[in-house]
Number of protein chains: 4
Amino acid sequence: MVIIMKPDFTEQQLKDAIGAMEAYGVQVMVSQGSETTILGAEGDASALNQEQLSQLAGVERVMRVSEPYKKANRKYHPDDSVIQIGAHTTIGGTQLAIIAGPCSVESEEQIVGVAQAVEAAGAVALRGGAYKPRTSPYAFQGKGVEGVHLLEKARAVVGLPIVTELMGPDQLPLFEETVDVIQIGARNMQNFDLLKKVGRIHKPILLKRGLSSTIEEWLMSAEYILSEGNPNVILCERGIRTFETYTRNTLDLSAVLAVKRQSHLPVVVDPSHACGQAWMVERMAMAAVAAGADGLLIEVHNNPSCALCDGAQSVTPAQFEAIMDKLRLVADCVGRTL
Amino acid sequence: MVIIMKPDFTEQQLKDAIGAMEAYGVQVMVSQGSETTILGAEGDASALNQEQLSQLAGVERVMRVSEPYKKANRKYHPDDSVIQIGAHTTIGGTQLAIIAGPCSVESEEQIVGVAQAVEAAGAVALRGGAYKPRTSPYAFQGKGVEGVHLLEKARAVVGLPIVTELMGPDQLPLFEETVDVIQIGARNMQNFDLLKKVGRIHKPILLKRGLSSTIEEWLMSAEYILSEGNPNVILCERGIRTFETYTRNTLDLSAVLAVKRQSHLPVVVDPSHACGQAWMVERMAMAAVAAGADGLLIEVHNNPSCALCDGAQSVTPAQFEAIMDKLRLVADCVGRTL
Amino acid sequence: MVIIMKPDFTEQQLKDAIGAMEAYGVQVMVSQGSETTILGAEGDASALNQEQLSQLAGVERVMRVSEPYKKANRKYHPDDSVIQIGAHTTIGGTQLAIIAGPCSVESEEQIVGVAQAVEAAGAVALRGGAYKPRTSPYAFQGKGVEGVHLLEKARAVVGLPIVTELMGPDQLPLFEETVDVIQIGARNMQNFDLLKKVGRIHKPILLKRGLSSTIEEWLMSAEYILSEGNPNVILCERGIRTFETYTRNTLDLSAVLAVKRQSHLPVVVDPSHACGQAWMVERMAMAAVAAGADGLLIEVHNNPSCALCDGAQSVTPAQFEAIMDKLRLVADCVGRTL
Amino acid sequence: MVIIMKPDFTEQQLKDAIGAMEAYGVQVMVSQGSETTILGAEGDASALNQEQLSQLAGVERVMRVSEPYKKANRKYHPDDSVIQIGAHTTIGGTQLAIIAGPCSVESEEQIVGVAQAVEAAGAVALRGGAYKPRTSPYAFQGKGVEGVHLLEKARAVVGLPIVTELMGPDQLPLFEETVDVIQIGARNMQNFDLLKKVGRIHKPILLKRGLSSTIEEWLMSAEYILSEGNPNVILCERGIRTFETYTRNTLDLSAVLAVKRQSHLPVVVDPSHACGQAWMVERMAMAAVAAGADGLLIEVHNNPSCALCDGAQSVTPAQFEAIMDKLRLVADCVGRTL
């Protein structure tokens, strides 16, 4: 934290500013020039209240120097985190993790069928929505607990770990018992109450980036989970809101690079939600792997035009297989396996 | 809902598209020109699945004609809704409702002092955060249940109804028992689980607009509450995220006009959060009243430079009194009282 | 300019960084703590190249302390600039300047008729587009030079100074000779070639804010004009691009406050373009005056539903008169006259 | 164009709406249901004025069905356009076109040195700024005409065609005579005056996407050039403005896919400007090729930390060579050569 004093500050104001910083346990370096006086904090500045300091009389500006996240910060954890999901799969190592499945679980036949198809094509986990965050209360809200049990059946048949979205704390006991990876959706990225709750369990959490959140806010939401004791956080870039309306959202692949430089946490990419159009998925998935993603979330539906939700962005099992072939080629260019 | 067929659609595809629409119980009007074939739905089209229809073979484009919200829609409820808060106050009528108080409840002395000051200046409700949504897990998270009880004490002393933010369903029984207006924060605007839960009680809900939500998404979140049975929704415009960094957010006053034309629900404006700077509050509050807001949320703190949260945007009790005087003048220009 | 060195910088890197700053003629203050080393520049830091400095080995971060604009900066020009337009009108003083007229000049009858109507209602200048920036090359592009001459005729009849948009340097001699205020449109806000050219004449320039520009970028574009020698710059807030689609753009009234605090230049507001809907103009114009605008640009058309451009946002002469009555009331609340 | 009438329209209003459409030479299909009346235009609807029609009494809503661009539209030109630049190079075919060079031309030694290095590594054209669009009038504005002549010298030595930015019409004769590809910068994407002027020559135009423009607006700017007679337009995605501040802009790779589906024009990607950080260029360049870009613009500087402009985002010649090796691998995955 660096404080720049106003040109006309008084000695008392300088003393007060120094005192306010020292109250947080940091040491203060004072650098007094003929025009500019700068205060620098030494020690753990993460508790310093930037807003409060900027309110002090005589203070012109308060600038943060270091990142506000600690446990998510690569500085304090230089090695990549590798997260175990299910018994046989990890996310964050050399091997790319492809997670596939339908937007919504609709029936046993559907979810088991899709699970078999994506497993055969090389997916390492099955995704499927049981509780669905829909803009409209009149839209299909997912099959709920029944959907979770259908996912369990699919897991029993094909052996893939299951990933599904948690929408509220009531469902947490069920999820903790049955689900392999708990997804926190984009709209709940700053549902701090829920973040704290999933921070107190030990299941891997797939944390989607908020629709218009910055990378720093996203890492701070991860920090909520990590700081409660759960180290198993997987980040998921799923497109951000921009002015462009041709695509559902705008996939921000530079965020993959930025996050992996700032943090040790693995990052997967969801091209299906980002683009909202099935024909774009192959190329954007390839681009994501080229950019350095640790894995992908791809929506696969046995019959997209009848999907109860997000059919427009789902590929068929046959298309998914073709995508996997292409991804193997790109993985090879970046020293990853699939 | 209007469907435009592709130029080269087949008779079977046309039949399928009509069938898909009729399956939702609407009647379909077919208009077949030499180049363009258009299908129009008649009847209640709100259940029609735009995404699914756009997936059908032969369909070029699906366009929604009517708004997706019903209970929030002024078409079906032409008169302004007037919401009762506490025993003596309403929001949505001719009288402007000014809700004031500190960002966070910090102590009995603080909250009672501020409550007395804002009541004396003409505020009709007391706001104060007990549970605080903070970007950082290391920042002050509010006094929690103790904060709620301090608000109750302030209410007992000054008689103003109390408004405070709900962050998770665990707190709901306490809030239902003690709080007069339950605030849903911007970051929880699409926490659909929580929206449904507050839709099942009867307390007034102050629903803040999400940081980058559209007006339609905001009204759809209100619809979640209304459709569960709670008609007491007050909307709060609190600034949206834009590129501008001089202000914390960008206050969107045209949203007040847009919402009041589309919906019967009352709209209040929070210039404090929108601008993030105390010196801007007076003028933006005046502008909000000129634009047609039904009320305001203003942050008032007895000692802003020592506030544990958001001090930069809090005005002092003396400044609040001066603002109230200015607001009376503007209220008069738009036929409102204060 | 403040430079934070990396934790592990070498003595040579420190020397290089200091040398790089001193090369710009500033003095460097070095503040060396046990963990953090900070360099502060004293003197005129406006020429310091932030990008270049941030490239130096051993440099962690470079932070600008002061605003990059000088001539537009209120620090160096504390009094409000008052700009003379035509013989009898000023913008920037106590009196509000209402500039009104059609989006496009269409015919002599139209422009003279509208000019008479707005003059009678109290407008102090006539606006009308002769050259029109249209998204489509197939849309009406304005009447060009003929349009400028029609504006001159209207001025001859009613006596109001005329404001019209310049789209390229070829038109500048004509504009310099005939037009009273030269408008630079939002899409040309960073057409630096054109800014320099209008900086070399002495006519008042109305500089619209770019569709997604920040306040600082806008002031830097004003600085381009001012630095070439033309002090007569009027800023115009006309809405910024956001996600909201109900309105054409989002009117940013807090920008009026921000600009007037940072700069001495007058600011007018264009609610017509911002909202894109005629029925919103009255209330947003009132809000703009409440916020502190020095004037307004309002689109008025004798027959909006036949307008060749932007009819949706134009009010009729009768509506304009009613708006002026409302504006007088609000002006009075903020100590302005109309 | 589809018009939806208001529920309570009159017969006269219907007649007027039909008449207003027919006035543009289209045929009108009327579809009258019990609740909804829809008008559809048949024939060339590109001249229909959506705004004007939406102003008519009795009209609820006007929706455009077809794209507003014609010459840029793949519908009317199904094959990819392949643009010739210089004598030996094309953009838009199977071979990827890598355009490289410094942000600014600084000296003969610099530009010739960089040109030799990038040519040796496989670049097919040399880029370098002579006229620089800088936010600040006090920043280095480029070497101007001298810079153009230095580019010519570099071309004479290494044989690569040269690409440089045009900032105003005064420079056009010089550019027409000397430059191989004329770049229109992001800030001038809607400088319609300049677009028309470069539409009247025959040199290839590299049209950068505006900072916050939509894909449709970008294609409409291309349409300005094409409609004046110049078919040689190359589009360049260079990142859009979003909330994210870690990167300079957000590279929108899905735009490459969207543009290539909608239009026949070639699209190149500029990862250097998009990310603003040299270390990100390799991976984002690889991702761009995976996504389907027809080429890349990469900033290469012999000594980035001394660059007069944009050093932070420039790679060294050695890094460029390494990037080219990686790009060859990815090109192979997508059936392209380099």
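In what follows, the structure referred to is the one given above.
Residues numbered from 1 in each chain as written. Chains lettered and ligands numbered in written order. Predicted model: local features only at pLDDT ≥ 70, side-chain atom pairs only at ≥ 80, totals over all residues. Heavy atoms only, no water.

What follows covers the interface of chain B and chain A. Taken together, the contact between chain B and chain A spans 46 residues of the former and 46 residues of the latter. For K197 of chain A, the salt bridge goes to D170 of chain B, with nearest N and O atoms at 2.7 Å. Our count for the contact surface shared by chain B and chain A stands at 19 residue pairs in polar contact (both at pLDDT 80 or more). Contributions of two or more residues to the side of chain B that touches chain A are made by helix 2 (50-54), helix 6 (192-199) and helix 7 (215-227) of chain B. Looking at side-chain class alone, the side of chain B that touches chain A contains 16 nonpolar, 17 polar and 13 charged residues. (Contact = heavy atoms within 4.5 Å. Salt bridge = Lys/Arg side-chain N within 4 Å of Asp/Glu carboxyl O. Polar contact = N/O pair within 3.5 Å; in protein donor to acceptor, adjacent residues only side chain to side chain. Helix = DSSP H or I, 4+ residues; strand = E, 2+ residues; numbered from the N terminus. Nonpolar A, V, L, I, M, F, W, Y, C, P; charged D, E, K, R; others polar.)

Moving on, we get to the interface of chain A and chain D. On the side of chain D, 36 residues touch chain A, which itself brings 35 residues to the contact. Buried surface at the junction of chain A and chain D, both sides included, amounts to about 3,000 Å², of which 70% is carbon and sulfur. In this structure, the salt-bridge partner of R209 of chain D is E244 of chain A, at a minimum N-O distance of 3.0 Å. At the boundary of chain A and chain D, one finds 8 residue pairs in polar contact (both at pLDDT 80 or more). Among the secondary structure elements, those contributing two or more residues to the side of chain A that touches chain D are helix 8 (254-262), helix 10 (278-291) and helix 11 (317-333) of chain A. With 9 residues, the top contributor of residues to the side of chain A that touches chain D is helix 10 of chain A. (Buried area = accessible area lost by both parts, 1.4 Å probe.)

This part covers the relation of the copies chain A and chain D. With an RMSD of 0.0 Å, the fit of chain A onto chain D corresponds to turning through 180° and sliding 0.0 Å along the axis. Such values leave the two copies arranged in the relation of a two-fold axis. Among all C-alpha atoms of chain A, that of A287 of chain A lies closest to the rotation axis, at 2.0 Å. Interface overlap between copies: 100% of the residues of chain A at the interface are likewise at the interface in chain D, consistent with a symmetric, same-surface contact. (Least-squares fit on C-alpha atoms with pLDDT ≥ 70 in both.)

This part covers the relation of the copies chain B and chain A. Each copy of the sequence occupies a distinct position, and chain B is placed on chain A by a rotation of 180° and an axial shift of 0.0 Å, giving an RMSD of 0.0 Å. Mapped onto chain A, 100% of the interface residues of chain B are again interface residues, and the two copies thus contact each other with one and the same surface.

Taking 1.5 Å of rise per residue, 12 residues should cover 16 Å, and helix 1 (residues 11-22) of chain B covers 16 Å from first to last C-alpha, within 8% of that figure. Close packing links the buried residues of helix 1 of chain B with strand 1 (2-5), strand 2 (27-32), strand 3 (37-42), helix 2 and strand 4 (59-63) of chain B. (Expected span 1.5 Å × (residues − 1).)

Geometric values such as these leave the question of function open.
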